[in-house]
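A look at the structure
Residues per chain are reported as follows:
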Amino acid sequence: VQLQAFGGGLVQAGGSLRLSCAASGRTFSHYAMGWFRQAPGKERELVAGINWSGSSTYYATSVNGRFTISRDNAKNTVYLQMNSLKAEDTAAYYCAAARGTWYAEDEYEYWGQGTQVTVSS
């Protein structure tokens, strides 16, 4: 499956952004989807994951209550709505697909290119 993420940009602290990730190549609904981020000098982390149907989600503690992951299988797209953004949310954000669980980082095996999110304080 091929993934393409977009929607990043520069936003002030407290603002919102919505990232989108379009999938192609294989049946999108067969995959769990996730959003990862990586800031300079830091390890990549899974910030949100969603199962194939959208009925189950996972959030990292650092974003729980501020970020919402969702998917539209008819449009082969997964979204990450980011609210109340903080400077520490600044990172390159990547979407990824997994044939396994949506909450385990090492299950993800297909990756899109990153989209940069910069939050100014």
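Residues numbered from 1 in each chain as written. Predicted model: local features only at pLDDT ≥ 70, side-chain atom pairs only at ≥ 80, totals over all residues. Heavy atoms only, no water.

**Considering the side chain of S20**
- If you trace the backbone, S20 turns up in strand β3 (residues 17-24).
- For S20, a relative accessible area of 10% puts it in the buried group.
- Apart from the residues lying within four places of it in its own chain, the contact partners of S20 are Q4, A5, F6, W35, T77, V78 and Y79. (Helix = DSSP H or I, 4+ residues; strand = E, 2+ residues; numbered from the N terminus. Buried < 20%, exposed > 50% of the residue type's maximum accessible area, 1.4 Å probe, protein only. Contact = heavy atoms within 4.5 Å.)

**Some words on the pattern of salt bridges**
- Inspection of the entire model under this criterion finds four salt bridges.
- In this structure, the salt-bridge partner of R66 is D89, at a minimum N-O distance of 2.7 Å. Here D89 lies in the loop between β8 (77-82) and β9 (91-98) and R66 lies in the loop between β6 (57-59) and β7 (67-72), a separation of 23 residues in the sequence. Take R66 and D89: they sit in the same class, and that class is buried.
- Among the salt bridges present, the one from R99 reaches E109, with a minimum N-O distance of 2.8 Å. Taken together, the residues span a long stretch of sequence, with R99 in the loop between β9 and β10 (108-111) and E109 in strand β10 at a distance of 10 residues.
- Judged by its relative accessible area of 36%, E109 falls in the partly exposed class.
- One salt-bridge network, in which partners are shared between bridges, spans R37, E45, R66 and D89. (Salt bridge = Lys/Arg side-chain N within 4 Å of Asp/Glu carboxyl O.)

**Considering the pairing of β7**
- Residues F67, I69 and R71 point to one face of β7 and are all buried, whereas T68, S70 and D72, pointing to the other face, are not buried.
- Where β7 and β8 come together, six bridges link them in antiparallel fashion. Looking across to β8, one finds that D72 is bridged to T77.
- The turn linking β7 back onto β8 is made up of four residues, and N76 within it adopts a positive phi angle of 55 degrees. (Pairing = 2+ DSSP bridges.)

**Considering the state of the cysteines**
- In total, this model carries one disulfide according to the counting rule given.
- Put simply, C21 and C95 are joined by a disulfide, and their sulfur atoms are 2.1 Å apart. Measuring handedness by torsion sign, the sulfur bridge of C21 and C95 sits at about 55 degrees and is right-handed. One end of the pair, C21, is in strand β3; the other, C95, is in strand β9, and 74 residues separate them in sequence. Side by side, C21 and C95 carry an identical accessibility label, which is buried. (Disulfide = S-S within 2.5 Å.)

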